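A closer look at the structure
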Amino acid sequence: MLTYLVRRILYSVPVLLAVSFVTFWGLRITTDPLLKFRNLRNAATILPIQRKRLGLDQPIIVQWWKWLLNALQGDLGVSSRTNGAVGGELIHALGTTMHLVIWGTIISSVVAVSVGVYSAVKQYSIGDYAFTGLSYIGIAMPPFWFALMAIVLLVTWPKVHWDLDQPIFYSIGLHSTDRSGIFNLDYFRHLALPVMTLVVQTIASWSRYMRASMLEVLGADYVRAAKAKGVPRRTVILSHALRNALIPLVTVMALDTAFLFGGLIITEKIYSIPGTGTYFLNALTAGDAPALLGYTLLTGILVITANLIADVLYGVLDPRIRLS
Amino acid sequence: MNEFATLPDILKPDARSRDALLEVTDLCVRFPSDDGVVHAVEHVSFSVHANETLGVVGESGSGKSVTSMAILGLLPTYALVSGSVKFRGEELLGRSDKAMRSIRGDKIAMIFQDALTSLNPVFTVGRQIVEAIVVHQRITKDAAKQRAIELLELVGIPNPQDRFDQHPHQFSGGMRQRAMIAMAIANEPDVLIADEPTTALDVTIQAQVLDVLERIRERTNASIMLITHDLGVVAGVADRVMVMYAGHQVEVGGVDEIFYDGKHPYTRGLLESLPRLDRRNGTDQLHRIKGQPPSCVHLPPGCAFNPRCPHALPGLCDDTPPLLREVAPFHFSTCLRAEDIYPELR
């Protein structure tokens, strides 16, 4: 298992190198590191000096190599927008984003699996049809629209209508200004809407996968054989069938991690959460190349990690592909 | 209106002994489908007695497996099941899933055809046997494990201690079927339904598995209902044989009577189709029953076998619904012309 993990991590190195080079190259074409010097009065004398200082006169591969050597030592450069160290800023933003990622993943998987199992076991019942309809709406709904509707219906409307001092749910940030910590009501009231926005599409699609996977497994011979042994129906479904049905879902979940980071950008922006998504969007609008590079590298690492976790989970769920 | 609606009282095709463990009377299973109603099992009656092996023979789609599923209530909910299935005098049909649980695996256990797909791939073989034990017996986990290892040993699996913790994919085909048998006999059931237990296995392993079944029967006194399309298997193991065709039973009798004195053209056709080394009919061709089995949606009128039957009499066989009747002592056939076409053997 350990050898396998080490090997997988080594395999991901070329992927990360390629991702960083393509991003580096793309950013060199589209952004101008010398922008802030161009409007100076003595631009004509300063520009060549700055170009040499920043190494822009060298071939792109050399520039990338220098960036990489620094990155490997933990130095992702200085943000041209904030003048702060990109590494530190990203770590800080990631801490905030993790609140959304962790709760989003837990809630998505628990709800999607429950809904999928229910729909499969009670196939063609009213509940199944209801969940099917809801999931189509969920898949079709753009997160930015859902977020705005949630703010209107769950924040603004109750506050105005019932004449409240504070809204029931907040739509800005993760904490009120004087509060911190998790597992308190204030945290919940802040987190409810962004997490809801983040999970609506994943729940909708994952529950459909789960339903299909569960239906297939419920028709399997070993499920019939378990029934023939006299095993209670509940155990047959929740033990024999569920564990097998989860195996294909793990693939979908791993592939959707990238999708999750896309959703984070919009969600964080709308709810003013200072996470990696907001950081990326700000860097993008400011043409902040070092910050964008750092963000891409971080996202790449996180997606690869998610796939690695999925591979380990396979082994846990399915002994046939367990690695020795 | 079904042409078989009126049935005679004699539908006790095997009154040889009275201690029937399992008594199936007038069992019908139908499946609604887009093309019409599929008549999977039509008016089948038989019983399984204590300590006997009943062979159920027929080609694919003749209703053998559906019959066994109906006994244990394992058919999908859309199946329309009628008739009666009695175990030790108690009706099983129409019981709730919960009420059937005390029967399944404990009184009547089942061995399935494909052991690879019938064992759960994600659980160890040991865990699956232990599960079969603990759902029916009040027993500690350690004792159940001990019992499971004994069972593995009983069915002839070497190193049962190590095998206990292995997964089905680590077992060979024959080993898996043995493990299935171990699971099925875990609670010493009264009736063991073996649905094509050797079909997926090669001949050597087949013989070994049949040998295990035979030993189990001697040891536990279980009655066995052996479903197969392999007449050779039936000849070697069964005491009595029921032959099925297109959802109907066509002949029931002792194994010798069926094999040496068949009273139904279908049974005879099946036997003649067997490749044999000791008989040469002048050609190298195998005998075959001409035609195809009928669709269970549109069964031919009269005897279901009449379009393929060499002895079919127009006006009789394609008109009169045949009923199972005693053509010789304890030997039952549905053939309307049994006495005419096989007189010399009476």
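Once a new chain begins, its residue numbering starts again from 1 and follows that chain's sequence as written. Following the order in which they are written, the chains are lettered starting with A and the ligands numbered starting with 1. For this predicted model, a pLDDT threshold of at least 70 governs which residues receive local features, and a threshold of 80 or more governs which side-chain atom pairs are given and counted, while totals over whole chains, interfaces and linings are taken from all residues.

This part takes up the overall build of chain B. Each helix and strand counted, chain B has 12 helices and 12 strands in total. Its C-alpha atoms give chain B principal-axis dimensions of about 65 × 50 × 40 Å. By the burial criterion, 46% of the 346 residues in chain B qualify as buried. Note on contacts: residues are paired as contacts if their backbone-placed C-beta atoms lie within 7 Å. Pairs at least 24 apart in sequence give 64% of the contacts found in chain B among residues at least 6 apart. Counting from the N terminus, the helices are the DSSP runs of H or I reaching at least four residues and the strands are the DSSP runs of E reaching at least two. Here a residue counts as buried when 20 or more other C-beta atoms fall within 10 Å of its C-beta, as exposed when 12 or fewer do, and as partly exposed in between; the C-beta atoms come from the backbone.

Time to look at the overall build of chain A. Of the regular secondary structure elements, chain A holds 12 helices and zero strands. When the helices and strands of chain A are read in sequence order from the N terminus, they spell out α-α-α-α-α-α-α-α-α-α-α-α. C-alpha atoms of chain A, sized along the principal axes, occupy 85 × 60 × 35 Å. Taken across its 324 residues, chain A has 30% of its residues classed as buried. Considering only residue pairs separated by 6 or more positions, chain A has 68% of its internal contacts joining residues 24 or more positions apart.

The subject of this paragraph is the interface of chain B and chain A. On the side of chain A, 20 residues touch chain B, which itself brings 23 residues to the contact. Breaking the side of chain B that touches chain A down by element, the ones donating at least two residues are helix H2 (97-101), helix H3 (115-118) and helix H4 (125-134) of chain B. Note that Gly is not counted as nonpolar here; it falls among the polar residues with everything else outside the nonpolar set of Ala, Val, Leu, Ile, Met, Phe, Trp, Tyr, Cys and Pro and the charged set of Asp, Glu, Lys and Arg. Grouping the constituent residues of the side of chain B that touches chain A by class yields 10 nonpolar, seven polar and six charged.

The next point concerns the environment of Val316(A). Relative to the assigned elements, Val316(A) resides in helix H12 (residues 289-317). Once the C-alpha coordinates of Val316(A) and Ile247(A) are considered, the two residues, 69 residues apart in sequence, prove to be 9.6 Å apart.

All names here are of chain B. Across the six residues that make up strand E8 (residues 223-228), a large majority, six, are buried. Residues Ser223, Met225 and Ile227 line one face of E8 and the alternating positions Ile224, Leu226 and Thr228 line the opposite face, and both faces are buried. The criterion for strand pairing is that DSSP finds at least two bridges linking the strands in question. Strand direction decides the pairing type here: strand E3 (residues 53-57) and E8, joined by five bridges, are parallel. Looking at the pairing, Thr53 lines up with Ile224 of E8.

Along the chain, Ala115(B) falls in helix H3. Dropping the residues within four chain positions of it, Ala115(B) is found in contact with Arg176(B), Gln177(B), Ala179(B) and Met180(B).

Here we take up the nonpolar core. To define a nonpolar core, we join buried Ala, Val, Leu, Ile, Met, Phe, Trp, Tyr and Cys residues through C-beta atoms within 7 Å and take the resulting set. Core analysis: the biggest nonpolar cluster contains 136 residues, and Ile129(B), Ala179(B), Ile181(B), Ala182(B), Leu192(B) and Leu226(B) have the highest contact counts within it. Among the elements that make up this core, the one with the highest residue count is helix H8 (residues 185-218) of chain A (12 residues). The residues contacting Ile181(B), other than those within four sequence positions of it, are Ile111(B), Val155(B), Val212(B), Leu213(B) and Ile216(B). Counting residues in hydrophobic clusters, the runner-up holds 17 residues, among them Leu76(A), Ala283(A), Leu293(A) and Leu298(A).

With that settled, the discussion passes to the sheet that holds strand E10 (residues 248-254) of chain B. Residue and element names in this part refer to chain B. Reading across from one edge, E6-E7-E8-E3-E9-E10-E12-E11 is the order of the eight strands in this open sheet, with mixed pairing throughout. Where the open sheet ends on each side, the last strands, each with one partner, are strand E6 (108-111) and strand E11 (325-328). Pairwise comparison of adjacent strand axes, ignoring direction, gives a mean angle of 25 degrees for this sheet. Bridge count between strand E7 (residues 191-195) and E8: five bridges; the pairing is parallel. By the bridge assignment for E8, Val191 is matched with Ser223. Throughout, an axis means a line fitted to C-alpha atoms (over the contacting stretch in the case of helices), and angles, computed between N-to-C directions, take values from 0 to 180 degrees.

Another aspect to go through is the sheet that holds strand E1 (residues 20-33) of chain B. Taken together, the four strands give an open sheet; going across it, the order is E2-E1-E4-E5 (chain B), and neighbouring strands pair in antiparallel fashion. Strands with a single pairing partner mark the edges of an open sheet, and in this sheet they are strand E2 (36-49) and strand E5 (90-91) of chain B.

Glancing now at the packing of helix H10 (residues 233-270) of chain A against helix H11 (residues 276-286) of chain A. All names here are of chain A. Remark: H10 packs on H11, axes separated minimally by 7 Å, with the N-to-C direction vectors making an angle of 90 degrees. The angle between H10 and H11 falls in the class roughly perpendicular. Here Leu264, Ile265, Thr267, Glu268 and Lys269 of H10 lie close against H11, whose contacting residues are Thr276, Gly277, Thr278, Phe280 and Leu281. Of the residues in the contact of H10 with H11, the class split is four nonpolar, four polar and two charged. Relative orientations are named as follows: roughly parallel for angles under 35 degrees, roughly antiparallel for angles over 145 degrees, roughly perpendicular for angles from 65 to 115 degrees, and oblique for any other angle.

Residue and element names in this part refer to chain B. Relative orientation of the contacting elements H4 and helix H5 (residues 141-154) amounts to 115 degrees, with a least axis distance of 9 Å. Relative to H5, the element H4 is oriented roughly perpendicular. Between H4 and H5 the crossing geometry is right-handed. The segment H4 lies against H5, with Gly126, Ile129, Val130, Ile133 and Val134 engaging Ala144, Lys145, Arg147, Ala148 and Leu151. Residues of the contact of H4 with H5, tallied by class, amount to seven nonpolar, one polar and two charged. Two helices crossing with the near one rotated counterclockwise from the far one by less than a right angle form a left-handed crossing, whereas a clockwise rotation gives a right-handed crossing.

Residues and elements named next belong to chain B. Summarising burial for E7: five of the five residues are buried, a large majority. Residues Val191, Ile193 and Asp195 point to one face of E7 and Leu192 and Ala194 to the other, with burial holding for every one of them. In terms of strand pairing, E6 meets E7 through four bridges, oriented parallel. Across the sheet, residue Met110 finds its bridge partner in E7, namely Ile193. For a crossover, the right-handed case is the one in which the path from the first strand over the helix to the second runs clockwise, viewed with the strands pointing away from the viewer. For the crossover from E7 across helix H8 (residues 203-220) to E8, the handedness is right-handed.

A few words now on helix H9 (residues 221-228) of chain A. All buried positions along H9(A) are accounted for by Tyr222(A), Ala225(A), Ala226(A), Lys227(A) and Ala228(A). Contacts made by the buried residues of H9(A) are with H10 of chain A together with helix H1 (64-72), E6 and H3 of chain B. Immediately beyond the C-terminal end of H9(A), within one or two residues, lies Gly230(A), with a positive phi of roughly 95 degrees.

Residues and elements named next belong to chain B. Here chain B averages 87 in pLDDT, while 92% of its residues score no lower than 70. Confidence of the predictor at the level of single residues is given by pLDDT, which spans 0 to 100. Within chain B, no element has a lower average pLDDT than helix H12 (residues 338-341), which sits at 86, and none a higher one than H4, at 96. For residues 1-17, every residue scores under 50 in pLDDT, and the model assigns this stretch 23 contacts once sequence neighbours within four places are set aside. Interface confidence in the predicted complex, given as ipTM, is 0.86; pTM for the same model is 0.85.

Time to look at unusual backbone geometry. Within the chain, Tyr124(A) stands out as a residue other than glycine whose phi angle is a positive 65 degrees. Position of Tyr124(A) relative to the elements: it lies in the loop between helix H5 (86-121) and helix H6 (126-140). In this structure, Arg88(B) is a non-glycine residue whose phi angle is positive, near 50 degrees. Note that Arg88(B) resides in the loop between strand E4 (80-87) and E5. A residue is classified by how many C-beta atoms lie within 10 Å of it, and Arg88(B), with 13 of them, is partly exposed.

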